[in-house]
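What the coordinates show
This is what each chain is made of:
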Amino acid sequence: MAHKRFALVTGIAGFIGSHVTEYLCERGYFVVGIDNFNNYYSPLIKKRNAQEIFSSYGSDVKIYEGDIRDRMFIREILSSHDFDAIFHLAAMPGVRASIEEPELYYDINLRGTLILLDEIARFNSNFKRKCPKFIFASTSSVYGKTTIIPFREDDTCSTPLAPYPATKRSAELLGYTYSYIHRIPFLAIRFFTVYGPRNRPDMMAYKLMESIYHGKEIPLYNGGAMYRDWTYVEDIALGVVAALDATFEYEIVNLGRGEPILLLDFVQTVESLTGKKAYLKHTEAPPSDMVRTFADTRKASKLLNYRPKTPLKEGIEALVRWYENSLLANS
Ligand SMILES: NC(=O)c1ccc[n+]([C@@H]2O[C@H](COP(=O)([O-])OP(=O)(O)OC[C@H]3O[C@@H](n4cnc5c(N)ncnc54)[C@H](O)[C@@H]3O)[C@@H](O)[C@H]2O)c1
């Protein structure tokens, strides 16, 4: 019988982590997951995501409730299996929310990442095992005020506009240090506005659903005159899992579509596909919001053989179907 291969996913019960886990299981991996089910948004949503993973892949997944900042807990998990890869997706993820709670963002996104890297380094030197790859979920928002468009990975990214991207950029740099000193293969993947089934409720795509189906008023920044490189969650998950096949010591790579869409067009596409109007309040964009995000995807296509497949209309249809079937049906 072939040996089972093991992957660790932090933030497994979240939006992207749950999809990444399903793709890992499809590839024959046994996935060990960590999540602290925090209340950044309802823990019930995260429990439901975890339940959905179990219902399809129950025998190939084990989830531990715990915090990445708990060294002893991490030590135990690392000694439980011989991991090929660690997909580190656990984080505090909101740009605007990070302005209100900068210490918490620093603590989880930077110190939490440090603890994971440090425990992996300690474990490898003690047990002389093959070092697992470390795949870190970074963000397009590290590009901040850049004038290099489309965004390229060799940009210095020294102008983050909020504590959230500052912590993510700092963690990328920390990753370099650990790859240099401890030979941990480190890949930072910068995600560009991910949307789709299990969408995070604090993001525009989900808020639009709430507005359309429940008449909730939501802000539309700058009359929708900002561009986002919306990327469907399954394309993202496939790109992340492709890191298993890539060879790297330290790399940073963009995962977007490379086709920025005007926010107003995104809203109008949702409205025309649902046949309903969103209830929008025109509001000035906060200074932490970038005017546009736009991925140069050439490196991803070389390093990860990444080819995003899902056109916007198809992605929005899947988002709407998911919202109607799993959220409206149960409300
Ligand atoms: N969704 C996007 O568009 C997007 C864009 C760029 C980057 N990212 C990054 O991708 C990753 C996943 O994002 P998401 O949208 O799925 O967010 P999410 O909030 O749905 O998932 C993150 C998960 O991590 C868990 N978590 C948080 N702190 C933890 C801790 N200390 N210990 C253990 N678990 C903890 C949360 O409970 C949550 O389930 C994050 O690192 C985020 O910063 C997301």
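Coordinates for the structure precede this section.
Residue numbers here run from 1 along each chain, matching the order of that chain's written sequence. In keeping with the predicted nature of the model, local features appear solely for residues at pLDDT of at least 70, side-chain atom pairs appear and are counted solely at 80 or more, and the whole-chain, interface and lining totals rest on all residues.

A word on the overall build of the protein. When helices and strands are counted, the protein shows 11 helices and 13 strands. Radius of gyration here is computed from C-alpha atoms only, and the compact-globule reference equals 2.2 Å multiplied by the residue count raised to the power 0.38. In summary, the protein has a C-alpha radius of gyration of 19 Å against a globular reference of 20 Å for 331 residues, a match within 12%. Here the C-beta atoms are placed from the backbone, and a residue counts as buried if at least 20 other C-beta atoms lie within 10 Å of its own, exposed if 12 or fewer do, and partly exposed otherwise. The buried share of the protein, taken over its 331 residues, is 45%. Note on contacts: each residue gets a C-beta atom placed from the backbone, and two residues are in contact if those atoms are within 7 Å. Of the contacts made within the protein by residues no fewer than 6 positions apart, 82% connect residues no fewer than 24 positions apart. Helix numbers and strand numbers start at the N terminus; a helix is a DSSP run of H or I with at least 4 residues, a strand a run of E with at least 2.

Our next topic: the site of the ligand. Around the ligand, a shell composed of 29 residues is seen, among which G11, G14, F15, A91 and V194 lie nearest. Broken down by secondary-structure element, the contributors of at least two residues to the shell around the ligand are α1 (15–26), β2 (29–35), α5 (102–127) and β5 (133–139). In terms of residues, the shell around the ligand owes the most to one element, α1, which gives three residues. Gly is placed with the polar residues, together with every amino acid not listed as nonpolar (Ala, Val, Leu, Ile, Met, Phe, Trp, Tyr, Cys and Pro) or charged (Asp, Glu, Lys and Arg). Per-class residue counts for the shell around the ligand are 15 nonpolar, nine polar and five charged. Nearness between a residue and a molecule or strand is assessed with a C-beta atom placed from the backbone; a distance within 6 Å qualifies.

Joined through C-beta atoms within 7 Å, a set of buried Ala, Val, Leu, Ile, Met, Phe, Trp, Tyr and Cys residues constitutes a nonpolar core. Formed by 91 residues in total, the largest nonpolar core has its most connected members in F87, I135 and I189. Contact partners of F87, with chain neighbours within four places excluded, come to A7, L8, V9, V20, I135 and V240.

Now for the pairing of strand β4 (residues 83–88). The buried fraction of β4 amounts to five of the six residues, a majority that puts the element mostly inside the structure. For strand β1 (residues 5–10) and β4, the ladder comprises five bridges, and the chain directions are parallel. The partner of F6 across the bridge, within β4, is F83. Pairing between two strands requires that DSSP report at least two bridges joining them.

Here we come to the sheet that holds strand β3 (residues 61–65). The strand order across the open sheet formed by seven strands is β3-β2-β1-β4-β5-β6-β11, and the pairing between neighbours is parallel. Two strands close off the open sheet at either side, each with one partner strand: β3 and β11 (250–255). Each adjacent strand pair in this sheet contributes to an overall mean axis angle of 20°, direction not counted. Orientation is described by lines fitted to C-alpha atoms, with helices fitted over the stretch in contact, and by angles between N-to-C directions that extend from 0 to 180 degrees.

Let us look at the packing of helix α3 (residues 71–80) against α5. Between α3 and α5, the shortest axis-to-axis distance is 10 Å and the interhelical angle comes to 50°. One way to sum up the angle between α3 and α5 is to call them oblique. Where α3 crosses over α5, the two elements pack in a sense that is right-handed. Judged by residue contacts, R71, I74, R75, L78 and S79 of α3 engage I115, L116, E119, I120 and F123 from α5. The class makeup of the residues in the contact of α3 with α5 is six nonpolar, one polar and three charged. An angle counts as roughly parallel when it lies under 35 degrees, as roughly antiparallel when it exceeds 145, as roughly perpendicular when it falls between 65 and 115, and as oblique in every other case. Here is the rule for handedness: rotate from the far helix to the near one, and if that takes an anticlockwise turn smaller than a right angle the crossing is left-handed, while a clockwise turn gives right-handed.

Once that is clear, we can look at helix α7 (residues 204–214). Buried within α7 are the following residues: M204, A205, Y206, L208, M209, S211 and I212. Next to the buried residues of α7 lie β7 (194–195), β8 (217–221), α9 (263–274), β13 (279–283) and α11 (312–328). Looking one or two places after α7, you find G215, whose phi comes out positive at around 65°.

Another point: the environment of G223. Tracing the sequence through the fold places G223 in the loop between β8 and β9 (227–228). Between the C-alpha atoms of G223 and E101, which are 122 residues apart in sequence, the distance is 28 Å. Excluding its chain neighbours within four sequence positions, the residues that come into contact with G223 are L264 and H282.

Let's shift gears to α9. Relative to the 16 Å expected for 12 residues at 1.5 Å per residue, α9 spans 17 Å between its end C-alpha atoms, a close match to the ideal helical length. Turning to α9, its buried residues number three or more, namely L263, F266, V267 and V270. Along the long axis of α9, the arc covered by the buried residues comes to 100°, so they all point the same way. Those residues of α9 that are exposed and aimed more than 90 degrees away from the buried face are D265 and S272. The elements touched by buried residues of α9 are α7, β8, β9, β12 (261–262) and α11. Just downstream of α9 lies G275, where phi reads positive at about 70°. In this scheme, a helix's expected span is set at 1.5 Å multiplied by one less than its residue total. Along the arc lie the directions from the helix axis toward the C-beta atoms.

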